[in-house]
Amino acid sequence: MAFEWFMIVMGWLSLGAFLAVATYKITRVTAQPLNVRWEVYPVPHESKARREYGGSYMEEVDWAAKATHPSRLPGLLEIAKEVVYLKRVREFNQYGLWGISLAMHWGLYLGLATIGLAVIETLLGVTFGLTPLVAGVAFTLGAVGSLAIIAKRLTNAELGLYTVPADLFNLGWVAALFILGIIGGLMDTTFAGYRAYVASVLTFKPVPVPPIVLIHFLVLELFFIYMPFTKIIHYIGKYFTFEQTLWDDAFKTKGSAADNKVLQQLGYPVTWNAPHIVPGKTWLEQAQATGLEEGAQK
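Residues numbered from 1 in each chain as written. Predicted model: local features only at pLDDT ≥ 70, side-chain atom pairs only at ≥ 80, totals over all residues. Heavy atoms only, no water.

Draft legend 1. The nonpolar core, seen in detail. Among the nonpolar cores identified, the biggest contains 38 residues, and Phe139, Tyr197, Val213, Phe217, Phe223 and Met227 are the most heavily contacted of them. Those elements giving two or more residues to this core turn out to be helix H1 (2–30), helix H5 (98–124), helix H6 (131–155), helix H8 (165–187), helix H9 (192–203) and helix H10 (211–226). Residues within four places of Val213 in sequence aside, it is in contact with Asp188, Gly193 and Tyr194. Val43, Phe242, Leu246 and Trp247 belong to the second largest nonpolar core, which has 5 residues in total. (Core = buried A, V, L, I, M, F, W, Y, C linked by side-chain atoms within 4.5 Å. Buried < 20%, exposed > 50% of the residue type's maximum accessible area, 1.4 Å probe, protein only. Helix = DSSP H or I, 4+ residues; strand = E, 2+ residues; numbered from the N terminus. Contact = heavy atoms within 4.5 Å.)

Draft legend 2. Main features of the pattern of salt bridges. Scanning the entire structure with this criterion turns up 11 salt bridges. Residue Arg88 is joined to Glu82 by a salt bridge in which the shortest nitrogen-to-oxygen separation is 3.2 Å. For the salt bridge of Asp259 with Lys252, the shortest nitrogen-to-oxygen distance reads 2.9 Å. Residue classification places Asp259 among the buried positions, given a relative accessible area of 7%. A network of salt bridges, in which partner residues are shared, links Glu46, Arg50, Glu59, Glu60 and Lys66. (Salt bridge = Lys/Arg side-chain N within 4 Å of Asp/Glu carboxyl O.)

Draft legend 3. Highlighting the packing of aromatic side chains. Overall, the coordinates contain 18 aromatic pairs when judged by the stated rule. On the basis of an interplanar angle of 80° and a centroid distance of 5.1 Å, the ring pair of Trp63 and Phe251 is categorised as edge-to-face. Taken together, the residues span a long stretch of sequence, with Trp63 in the loop between helix H2 (48–53) and helix H3 (73–85) and Phe251 in the loop between helix H11 (235–246) and helix H12 (257–266) at a distance of 188 residues. Linked through ring pairs, Phe139, Phe191, Tyr194, Tyr197 and Phe217 together constitute an aromatic cluster. Above the ring of Trp98, the side-chain terminus of Arg90 is found at 5.0 Å from the ring centroid. (Phe/Tyr/Trp six-rings, centres within 6.5 Å; stacked < 30°, edge-to-face > 60°. Lys NZ or Arg CZ within 6 Å of the ring centre and 35° of its normal.)

Draft legend 4. View of H11. An ideal rise of 1.5 Å per residue puts 16 Å on 12 residues; H11 measures up with 15 Å between its terminal C-alpha atoms. Looking at H11, one finds that the buried residues are Ile236, Phe240, Phe242, Glu243, Thr245 and Leu246. (Expected span 1.5 Å × (residues − 1).)

Draft legend 5. Representation of the packing of H3 against H11. Running from amino to carboxyl end, H3 crosses H11 at an angle of 135°, the nearest separation of the two axes being 11 Å. By the angle between their directions, the pair H3 and H11 is classed as oblique. Our pair here, H3 against H11, has a crossing hand that is right-handed. In contact with Gly75, Leu76, Ile79 and Glu82 of H3, H11 contributes Lys238, Tyr239, Phe242 and Glu243. Within the contact of H3 with H11, the residues separate by chemical class into 4 nonpolar, 1 polar and 3 charged. (Axes fitted to C-alpha atoms, helices over the stretch in contact; angles between N-to-C directions. Parallel < 35°, antiparallel > 145°, perpendicular 65-115°, else oblique. Left-handed = near helix turned anticlockwise from the far one by under 90°. Nonpolar A, V, L, I, M, F, W, Y, C, P; charged D, E, K, R; others polar.)

Everything listed is a geometric property; what it means functionally is a separate question.
Structure follows, in structure tokens:
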């Protein structure tokens, strides 16, 4: 029973470690200096008419005096399209990654849904019968997608320029998760062992579980601990990238949070040197005095 107790502890430890590191990452992102705004038009929170030609509320007379963007829902729906069918990967599918990347992502989504179903079944004391089907689709899609991406990165010379060993290691780990799931599903077709392990974690009651199931969960839990330290956690940055960098077209008002942050950042000292930089000055002072005489060569 010692290993079963270890696996119960691992279940909670991996979840706690993931949430702690992910929360820390979000906190770090929100504490960063203001990003350089792109204002990439069309922005989704504009009216439908303006979205068609990339217009802005600033085209109106006295736009600064009018209320703008009462709802963030259009922006969130646009982000949802990115999550559900990888909209931009499809639009800019230069290396033919969209289909296989979509398969891997849906493998991950349905894999999480499988765990969610097992948790719900345990808490309610019922069996829906959907778990084997959802898990089977998840593991198959995920294995095909992740292995195909590895093959694509290894065989496409141009894509190889953007591939580092860590990318292949991460994809290999993801592929191993799905392949172990397929093997586990073939050896435990009713997924009773998976449900038994989830129940043991939730109730703190160790029970005998097939070894392949324990190995699968151990690899998964180690992945949960490892993932937040890698760029696999890129999904956390999607909201901030879209809402606060790509589409942020709000104007700055005096005394606002953005205004205070800009004033703070203008007070930072410039730590690098160039012909037009005055040593020891802040960004604001640099903007007010270039350090060059009138007519001097830049």
